[in-house]
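# Observations on chain architecture
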Amino acid sequence: MIKPNTFFRRAVTAVMIALSAFAAGAAIPAGYYNALNGKKDAELKTAASNIIRNFTSVSSYTNLPSYFRHTDVRPETEYWWDMYSDMDVNIFITFGTYMNREHSFPKSWWGSTSSTATQYKAYTDLNHLYPGEAKANQAKSNYPLGEVRTANKFDNGVSKVGAPVSGQGGGAAYVFEPDDEYKGDFARTYFYMVTCYQDYKWATSYMYMLQQNTYPTLNQWSIDMLLRWAREDEVSDKERMRNEAVYSIQNNRNPFIDFPDLAEYIWGNKVGEPFYVSTSDLPPVGDALLLAPVANTAVDFGQVAVGTTGKASLFVHSENFVNPITMILFSGDKSMFNISTTSIPASLSNRADGYWLDIEYKPTAVGVHESKLQLVADDLDSAPPVVLLRGECLEKPVLTACTALDPSDITADEYSANWSTPEGETVDYWIITRTRYVNGEQTVEEILAEGSPWTIEGFDESDYESYSVQSVRLNERSPMSNVVFVRHAGISGVDVDEPLTVTGFQGMMRFDCATPQTNCRVYDITGRQVMQIDRIERDMDVVMPLGVYFVVTDTHRTPVKVAIR
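All values reported here derive from a predicted model rather than from experimental measurement.

Looking only at helices and strands, the chain features 11 helices and 29 strands. Here the C-alpha atoms of the chain give a radius of gyration of 27 Å, agreeing with the 24 Å that 2.2 N^0.38 yields for 565 residues. Dimensions of the chain, computed from C-alpha atoms along their principal axes, come out at roughly 90 × 60 × 45 Å. Taken across its 565 residues, the chain has 53% of its residues classed as buried. Counted over contacts in the chain with a minimum sequence separation of 6, partners at least 24 positions apart contribute 67%.

Written as structure tokens, this is what we have:
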């Protein structure tokens, strides 16, 4: 178990207490939901999407556990509040072995993990990310929510995975059923996701619960089940506290927690009726409002390596401002932080999509660094909000190559990739480089993984494929591991009367085949194709540089390994 230094431990604990105190006394900010008034059905859903879709994204996937310490810790303990198991796991444990960053709404349903892609905001959106026990996360995979007929795949007493009851699953072989205590939590999380990201193009392979439209986005069996879960498991104090904590980080909220009956107006028994926010505390129309950021917002850069830069963007949004907003960086280690501007014109902060202030954490020394950012405007009639900035700088890690191991649990459409990491090395996550060979074409993709084993899907689309693994710590990658090839059970498309043998000699390889074979491809150990030969014959020699290679042909799709000395 990895624990931080005492200073960092105390700093995190103090922040957790401060956020808990803030959340306990917090209320929905004035004017935040004004745009919902009088809307119904699809128009209401789009209005909610426009409110919540602009938010301050967390600094990086790596640093998600540092945010979980503010959002998902059991009160008065140092244990994760894990909705996937009943294990007591210390919040300072390194993620990967016991705990994962769990996308409750599976990331494969919408696409990219690249930080440059438009889909990346969903990838690090805390409103659907939770700390989850690793085995439960692996078992859950990217199956839809549902109620299991029999938990024949996984059951730890809290999470169940198994074949769905009749009418559920949307064609999936298995569904994930959370504990009754959390079914409403997951339902409101899914309502948030299909509202916030209603314009996303969903992956056609994973349409179990979804439709390709902005309304209703969920299909009917999903609507029926999720509404029932939300009714039976009402909003809890846990959800309210978490909603406030996420709001203090991202400056957006889950409206289905703030207004539990909102889902009924969009999908349920109040469809067709206009929705109204309680008008008792609404500010007069035309009042100047600062909607984001709120007081005590925390921008946490987590851990970064010395000599590197952590980056984040703070969402600033006002209504009816006349004067600019002045940004003042003060106190603590302010020299470690940079902001992109010190003044935001009202014309920019008043826009419907607000203004994004870029913030950098550029530490020059190892240690924990904190500072504060104050937003001052003449239009404010309350205390200017203060944003907390923090980060921890560590020495640049030196990582050793992992060892890719043989795959396991190979089926017609998936398998588990396996690897080992040098003992004693701290790892944030791993990257699997997957190379697929389909009809003679090669495609390469990178998959972010929380730990070994990791399920690889879509294997039925490949003739065969390979994978290698790198560990990642503080955004530094280890050297690439060895390459492991994966093939379907049996040798498909190979004539046993025409085997292929390749022998390596000094500076050359020699082919031995009973009859000529076509479309011979030669790959190096990284999976890169280095040569293609239209036709090979028996005793044919080809000059090759020193190295290890894999050879396949149209009639011999199982890779043949050869070493050239």
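Taking strand neighbours across the sheet as the criterion, the four strands line up as 26-25-28-29 in an open arrangement whose pairing is antiparallel. The open sheet is flanked by strand 26 (529-536) and strand 29 (560-564), the only strands paired with a single partner. Shown here is a sheet whose adjacent strand axes are inclined to one another by a mean of 25°, direction ignored. Sheet topology places strand 25 (residues 517-524) next to strand 26; six bridges connect them, and they run antiparallel. Paired with Cys 520 across the two strands is Ile 533, which belongs to strand 26.

A word on the sheet that holds strand 19 (residues 454-457). Pairing is antiparallel in the open sheet, where three strands are placed in the order 15-16-19. Each edge of the open sheet is held by one strand with a lone partner, namely strand 15 (403-408) and strand 19. On average, each strand axis in the sheet is inclined to that of its neighbour by 35°, with strand direction left out of account. Relative to strand 19, strand 16 (residues 414-420) runs antiparallel, the two sharing four bridges. By the bridge assignment, Ala 417 is partnered in strand 19 with Trp 454.

To describe two helices that pack against each other, one gives the angle between their axes and the distance between the axes. The N-to-C vectors of helix 2 (residues 41-52) and helix 6 (residues 183-196) enclose an angle of 90°; their axes lie 8 Å apart at closest approach. With respect to each other, helix 2 and helix 6 are oriented roughly perpendicular. Here helix 2 contributes Lys 45, Ala 48, Ser 49 and Ile 52 to the contact with helix 6, which in turn contributes Tyr 192, Val 194, Thr 195 and Cys 196. The class makeup of the residues in the contact of helix 2 with helix 6 is five nonpolar, two polar and one charged.

What follows deals with the packing of aromatic side chains. Within this structure, the stated rule accounts for 39 aromatic pairs. Plain terms: the ring middles of Phe 105 and Trp 109 are 5.1 Å apart, the flat faces sit at 75° to each other, and that makes the pair edge-to-face. Residue class for Trp 109 comes out buried when judged on its relative accessible area of 0%. Joined through ring pairs, the aromatic side chains of Phe 105, Trp 109, Trp 110, Tyr 190, Tyr 197, Tyr 200, Trp 202, Tyr 206 and Tyr 208 make up one cluster. Note that Lys 238 overlies the ring of Trp 81, its terminal NZ or CZ placed 5.4 Å from the centroid. Here Arg 253 stacks its cationic end above the ring of Tyr 247, 4.9 Å away from the centre of that ring.

Turning our attention to the nonpolar core. Phe 191, Leu 226 and Trp 267 are the most contacted members of the largest nonpolar core, which totals 83 residues. Of all the elements, helix 6 adds the most residues to this core, at eight residues. Non-local contacts of Leu 226, meaning those with residues more than four positions away in its chain, are made with Leu 145, Ala 187, Tyr 190, Phe 191, Met 209 and Leu 218. Met 336, Leu 375, Ala 377 and Leu 380 belong to the second largest nonpolar core, which has 26 residues in total.

End to end, helix 7 (residues 220-232) covers 18 Å across 13 residues, agreeing with the expected 18 Å (1.5 Å per residue, within 8%). Looking at the buried positions of helix 7, the neighbouring elements they touch are helix 6 and helix 10 (262-266).

This brings us to the packing of helix 3 (residues 64-71) against helix 8 (residues 237-250). Here helix 3 crosses helix 8 at 135°, and the two axes come no closer than 9 Å. Here helix 3 is positioned oblique relative to helix 8, judged by the angle of their axes. Here Tyr 67, His 70 and Thr 71 of helix 3 lie close against helix 8, whose contacting residues are Arg 242, Ala 245, Val 246 and Ile 249.

Residue placement: Ser 452 occurs in the loop between strand 18 (441-449) and strand 19. As for Ser 452 and Phe 321, which are separated by 131 residues in sequence, their C-alpha atoms are 52 Å apart. Discounting chain neighbours no more than four positions away, the residues touching Ser 452 are Ala 417, Asn 418 and Trp 419.

Another point: the pattern of salt bridges. A full pass over the atoms with the stated rule returns 25 salt bridges. Where Asp 180 meets Lys 183, a salt bridge forms, and the shortest distance between an N and an O atom there is 2.9 Å. For Arg 538, the salt bridge goes to Asp 512, with nearest N and O atoms at 3.2 Å. Here the residue Arg 538 occupies a position in the loop between strand 26 and strand 27 (540-543), and Asp 512 occupies one in strand 24 (residues 508-513), the gap between them amounting to 26 residues. Taking relative accessible area as the criterion, Arg 538 reaches 55% and is therefore assigned exposed.

About the thresholds
- Residues numbered from 1 in each chain as written.
- Predicted model: local features only at pLDDT ≥ 70, side-chain atom pairs only at ≥ 80, totals over all residues.
- Heavy atoms only, no water.
- Helix = DSSP H or I, 4+ residues; strand = E, 2+ residues; numbered from the N terminus.
- Rg over C-alpha atoms; globule rule 2.2 N^0.38 Å.
- Buried < 20%, exposed > 50% of the residue type's maximum accessible area, 1.4 Å probe, protein only.
- Contact = heavy atoms within 4.5 Å.
- Pairing = 2+ DSSP bridges.
- Axes fitted to C-alpha atoms, helices over the stretch in contact; angles between N-to-C directions.
- Parallel < 35°, antiparallel > 145°, perpendicular 65-115°, else oblique.
- Nonpolar A, V, L, I, M, F, W, Y, C, P; charged D, E, K, R; others polar.
- Phe/Tyr/Trp six-rings, centres within 6.5 Å; stacked < 30°, edge-to-face > 60°.
- Lys NZ or Arg CZ within 6 Å of the ring centre and 35° of its normal.
- Core = buried A, V, L, I, M, F, W, Y, C linked by side-chain atoms within 4.5 Å.
- Expected span 1.5 Å × (residues − 1).
- Salt bridge = Lys/Arg side-chain N within 4 Å of Asp/Glu carboxyl O.

Spatial relationships are all this shows, so hold off on functional conclusions.
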